[in-house]
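An overview of the molecular structure
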Amino acid sequence: METKGKVDVLLGLQWGDEGKGKVVDVLTPDYDVVARFQGGPNAGHTLEFENQKYVLRSIPSGIFQGGKVNIIGNGVVLAPDLFMSEAQELEKSGHPLKDRLHISKKAHLIMPTHRLLDRAYEAAKGKDKVGTTGKGIGPAYTDKVSRNGLRVGDISDNFEEKYEAHKKRHLSMLESLGWNEFDGLAEAERKWMEGVAYMRLFHFVDSEHEVNNLLRSGKSVLCEGAQGTMLDVDFGSYPFVTSSNTICAGACTGLGIGPNKVGEVYGIMKAYCTRVGSGPFPTELFDETGKKIRDLGHEYGAVTGRERRCGWIDLVQLKYSVMVNGVTKLIMMKSDVLDDFDTIKACVGYRLSNGEETTDFPYEIDHVTPIYKEFKGWKTDMSHFTAEEQFPENFRTYVQFLETYLEIPIKIISIGPDRAQTIIRK
Ligand code: GDP
Ligand code: IMO
Ligand code: MG
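Rules and cut-offs
- Residues numbered from 1 in each chain as written.
- Chains lettered and ligands numbered in written order.
- Predicted model: local features only at pLDDT ≥ 70, side-chain atom pairs only at ≥ 80, totals over all residues.
- Heavy atoms only, no water.
- Pairing = 2+ DSSP bridges.
- Helix = DSSP H or I, 4+ residues; strand = E, 2+ residues; numbered from the N terminus.
- Axes fitted to C-alpha atoms, helices over the stretch in contact; angles between N-to-C directions.
- Near = heavy atom within 4 Å.
- Polar contact = N/O pair within 3.5 Å; in protein donor to acceptor, adjacent residues only side chain to side chain.
- Areas by Shrake-Rupley, 256 points an atom, 1.4 Å probe, with all protein chains shown as cover.
- Nonpolar A, V, L, I, M, F, W, Y, C, P; charged D, E, K, R; others polar.
- Parallel < 35°, antiparallel > 145°, perpendicular 65-115°, else oblique.
- Left-handed = near helix turned anticlockwise from the far one by under 90°.
- Contact = heavy atoms within 4.5 Å.
- UniProt positions renumbered as here; feature names shortened; annotations may be inferred.
- Buried < 20%, exposed > 50% of the residue type's maximum accessible area, 1.4 Å probe, protein only.

Another aspect to go through is the sheet that holds strand β1 (residues 7–12). Across the sheet, ten strands lie side by side as β9-β7-β5-β2-β10-β1-β11-β15-β19-β20; this open sheet has mixed pairing. In this open sheet, the two strands that pair with only one neighbour each are β9 (203–205) and β20 (422–424). Here the average twist between neighbouring strands, direction ignored, is 25°. Taken together, the four bridges between strand β2 (residues 33–36) and strand β5 (residues 69–72) define a ladder with parallel strand orientation. Bridging from a neighbouring strand, Val-34 pairs with Asn-70 of β5.

This is how it looks when you write it as structure tokens:
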């Protein structure tokens, strides 16, 4: 695969948890650099290899393949305490980071009071709550956009002074929200400051210069998206979204690269669909089939442990995601989870509340009824397959239909959580 001097972007096309971490790890050997460009510890990217399982939140999934530079870009929001525990775990398990992980000075910091604000805003919304991960993501990005943020580059001599000024502002906001649960704040702050001290051991860089210099010297970069297109703050199921641009354009703003540097755009989807948190999900299944998908796919959140809502693949939604990202290659994950179903369905259109049918993802997403096409299940255990020639006929029919509908080839098919359970198609 020719990747030199280019930035390839890999991102989720659904509501997150598509399996981005696994595929970034699989593709890393083809790249010199792996970079995160948005999101923060709301992400949970799971990797499995050599009988070990790792869950990454803020650290790029390229960290396990030796000799690569890993970058946390300016578009990311970072919680020092969570970063420290994640990094120390990795170091304990024999994966040293300090020399190969660079952090943008322009990345914003998530403070303990951002997490309280997250909880306070959710409580104020009541039954309309977003169902956030509680990691302070929204409040940290709000401070960034309202020009009140604290950045990695602020970690310098008079850092504590700056911190106190931000905290004071947050406390008055919490007061106006009627929030009075401050138990554990002092301990959280102590741990957070410990995290800040630990972060000082890392390289803080001007990552936009670093990435562009690497590109000029012919190096290749893989950008690792977090969340998914349906959680994008502009194009997702607003307001039930995260607070960053999860789409391909986010890689340009979150790393400081020109759009002309972008090469392949890898769009990842599951063979079905899941969502965690509140908000519309047209193909959600509330019956035994949904439960079966959840059980077989172990669909429980990597960060919060919450049950993921499960449903059939939604091609109207995916076609929209392909469009707003400019996807050039598709990757289909968790195909093995559907190995034992008599019938598999794919949503090929929506019926709107006025009775009209559409295949264009509409603004009024909470008032649509999915129109399904049915496929015969393949009823074959594919999890041990090693080549695409082994795929059963009914599975090929399903894959071909998706490719035709979405007008993009599916280049990688994943058939299990392990690094080795990956079929790269010719
Ligand atoms: P991410 O956030 O996009 O990186 O995805 P998560 O790690 O949150 O969720 C994906 C889950 O599915 C993880 O538990 C993975 O280990 C697992 N997984 C990834 N690919 C496959 C696959 O092809 N089959 C099965 N059965 N599990 C997979
Ligand atoms: P990865 O990278 C799935 C969801 C939350 C909530 C909404 C807003 O592992 O795919 P936030 O804490 O960001 O303010 O929450 O977004 N959410 C995710 N869902 N995967 C994720 O990340 C998510 N990150 C946030 O559940 O509905
Ligand atoms: Mg995840």
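Below, the discussion takes up the site of ligand 2. Neighbouring ligand 2 are 21 residues; Asp-17, Lys-20, His-45, Thr-133 and Thr-242 lie closest to it. For ligand 2, an oxygen atom lies 2.7 Å from a polar atom in the side chain of Lys-20. The contact in question runs from an oxygen atom of ligand 2 to an N or O atom on the side chain of Asn-42, over 2.9 Å. Compared with its free state, where it exposes 550 Å², ligand 2 has 98% of that area covered by protein. Class assignment for the residues of the shell around ligand 2 results in eight nonpolar, ten polar and three charged.

Interhelical geometry of helix α3 (residues 112–125) versus helix α4 (residues 137–145) gives an angle of 110° and a closest axis separation of 7 Å. The pairing of α3 with α4 is recorded here as roughly perpendicular in orientation. Along this stretch, α3 crosses α4, giving a crossing that reads as right-handed. Two secondary-structure elements touch here, α3 through His-114, Leu-117, Asp-118 and Tyr-121 and α4 through Ile-137, Pro-139, Ala-140 and Asp-143. Classifying every residue of the contact of α3 with α4 by side-chain character gives five nonpolar, one polar and two charged.

The feature "binding site: substrate" (unreviewed entry), as annotated in UniProt, sits at Ala-302, Val-303, Thr-304, Gly-305, Arg-306, Glu-307 and Arg-308 in this numbering. On the secondary structure map, Val-303 appears in the loop between α9 (288–296) and β13 (309–311). The buried category is assigned to Val-303, whose relative accessible area is 19%. Those residues in contact with Val-303 that lie beyond four places of it in its chain are Pro-41, Asn-42, Ala-43, Gly-44, Arg-57 and Lys-135. Looking at where Arg-308 falls in the secondary structure, it is placed in the loop between α9 and β13. The class of Arg-308 is buried, set by a relative accessible area of 7%. Among all residues touching Arg-308, those that are not within four sequence positions of it are Asp-17, Lys-270, Thr-274, Arg-275, Val-276, Arg-294, His-298, Glu-299, Tyr-300, Gly-301 and Ala-302.

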